[in-house]
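Fold and geometry: a report
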Amino acid sequence: MAAERDEVDRIVEAWSAERPDLDFSPMAVLSRVDRLSHHLDRARRAAFARTDIEPWEWDVLSALRRAGEPYQLSPKILLQQTLVSSGTMTNRIDKLTQRGLVRREADPVDGRSVLVTLTSLGLVHVDAAVTRLIDAEADMLSALPASERSRLATLLRHLSVGVERATAP
């Protein structure tokens, strides 16, 4: 049986014919990652839209949910986990507070500091979103058996760690 082909195969073959002096194996890998990223972005946006949250809201709400009870983090930790500027984070917390998804509370350890806490409404939204997200992601991976998913996760982890190490300041 012939191997399945995709658009990346056609692109790499065309480039290889035009530029046989170059090794297009990186394109064969990373163009697929890029295309999958677009599909994943659409699936995530759809999952979040069904729970009435935006992707940026997911970033903050999910960080708080993963923190465990009482589902609170300092703005500094949220910055580290979401990789946005402090001004952007302040704006996001303001908007999430207006929607009733989070609240600001004084830090009991340091009264000068604030903690951001997930509200019960925020918990409902983030739990619904993660359920829909996992369903959408499982659908995307349904063509792969569990063993191949595991192997792919391992390979992507190695790639991610290597890239992050190479690009670290």
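Residues numbered from 1 in each chain as written. Predicted model: local features only at pLDDT ≥ 70, side-chain atom pairs only at ≥ 80, totals over all residues. Heavy atoms only, no water.

What follows is about the pairing of strand S3 (residues 114-118). Summarising burial for S3: four of the five residues are buried, a large majority. Summarising the sheet, strand S1 (residues 72-73) and S3 pair through two bridges and their orientation is antiparallel. Among the inter-strand pairings, leucine 73 is bridged to a residue of S3, identified as valine 116. (Buried < 20%, exposed > 50% of the residue type's maximum accessible area, 1.4 Å probe, protein only. Helix = DSSP H or I, 4+ residues; strand = E, 2+ residues; numbered from the N terminus. Pairing = 2+ DSSP bridges.)

A few words now on the side chain of histidine 125. Mapping histidine 125 onto the fold places it in helix H6 (residues 120-140). On the basis of relative accessible area, histidine 125 is assigned to the buried category, the value being 15%. Side-chain polar atoms of histidine 125 contact the backbone oxygen of threonine 51, separated by 2.7 Å. Beyond its immediate stretch of four places on either side in the chain, histidine 125 contacts Thr51, Asp52, Ile53, Arg99 and Leu101. (Polar contact = N/O pair within 3.5 Å; in protein donor to acceptor, adjacent residues only side chain to side chain. Contact = heavy atoms within 4.5 Å.)

Moving on: a nonpolar patch on the surface. A contiguous nonpolar patch, built from Val29, Leu30, Val33, Leu36, Met140, Leu141, Leu152, Leu156, Leu159 and Val163 and spanning about 790 Å² of accessible area, is present on the exposed surface. Secondary-structure elements contributing two or more residues to the nonpolar patch are helix H2 (25-49) and helix H7 (146-167). Of note, valine 163 is situated in helix H7. (Patch = residues over 30% accessible without salt bridge, like charges linked within 9 Å, V, L, I, M, F, W, Y side chains within 5 Å. Areas by Shrake-Rupley, 256 points an atom, 1.4 Å probe, with all protein chains shown as cover. Salt bridge = Lys/Arg side-chain N within 4 Å of Asp/Glu carboxyl O.)

Attention now goes to the nonpolar core. Core analysis: the biggest nonpolar cluster contains 20 residues, and Trp58, Leu61, Leu64, Leu78 and Val102 have the highest contact counts within it. Counting residues per element, the ones that place at least two in this core are helix H3 (55-66), helix H5 (86-98), S3 and H6. For this core, the element with the most residues is H3, which contributes five residues. The residues contacting valine 102, other than those within four sequence positions of it, are Leu61, Leu64, Ile93, Leu96, Thr97, Val116, Thr117, Leu118 and Thr119. (Core = buried A, V, L, I, M, F, W, Y, C linked by side-chain atoms within 4.5 Å.)

A separate point is the layout of surface pockets. Of the voids in this model, the largest pocket is the one considered here, and its volume is about 720 Å³. In terms of lining residues, the largest pocket is bounded by 20 residues, among which Leu36, Met140, Leu141, Leu152 and Leu156 are the most central. Among the elements of the structure, H2, H6 and H7 are those that each provide at least two residues to the lining of the largest pocket. Per element, the largest residue contribution to the lining of the largest pocket is nine residues, and it comes from H2. Taken together, the residues that form the lining of the largest pocket break down as 14 nonpolar, one polar and five charged. There is about 150 Å³ of room inside the second largest pocket. Lining the second largest pocket are Asp41, Arg44, Arg45, Phe48, Pro55, Trp56, Trp58, Asp59 and Leu133. Looking at the lining of the second largest pocket, the elements with two or more residues in it are H2 and H3. Here the lining of the second largest pocket is composed, by residue class, of five nonpolar, no polar and four charged. Residue contributions to the lining of the second largest pocket reach at least three from each of two domains, namely domain 1 (1-49) and domain 2 (55-127). (1 Å grid on protein atoms, 1.4 Å probe; cavity = no way out; pocket = protein on both sides within 12 Å on 5 of 7 lines; lining within 4 Å. Points joined across faces, edges and corners; volume = space filled by probe spheres on them. Nonpolar A, V, L, I, M, F, W, Y, C, P; charged D, E, K, R; others polar. Domains from an automatic or database assignment.)

We now examine unusual backbone geometry. In this model, glutamate 69 is joined to proline 70 through a cis peptide bond whose omega is 10 degrees. A positive phi angle, close to 60 degrees, is found at aspartate 52, a residue other than glycine. Turning to its location among the elements, aspartate 52 is positioned in the loop between H2 and H3. Looking at aspartate 52, the relative accessible area reads 49%, which means it is partly exposed. If you check the backbone angles, leucine 83 has positive phi at about 55 degrees while not being a glycine.

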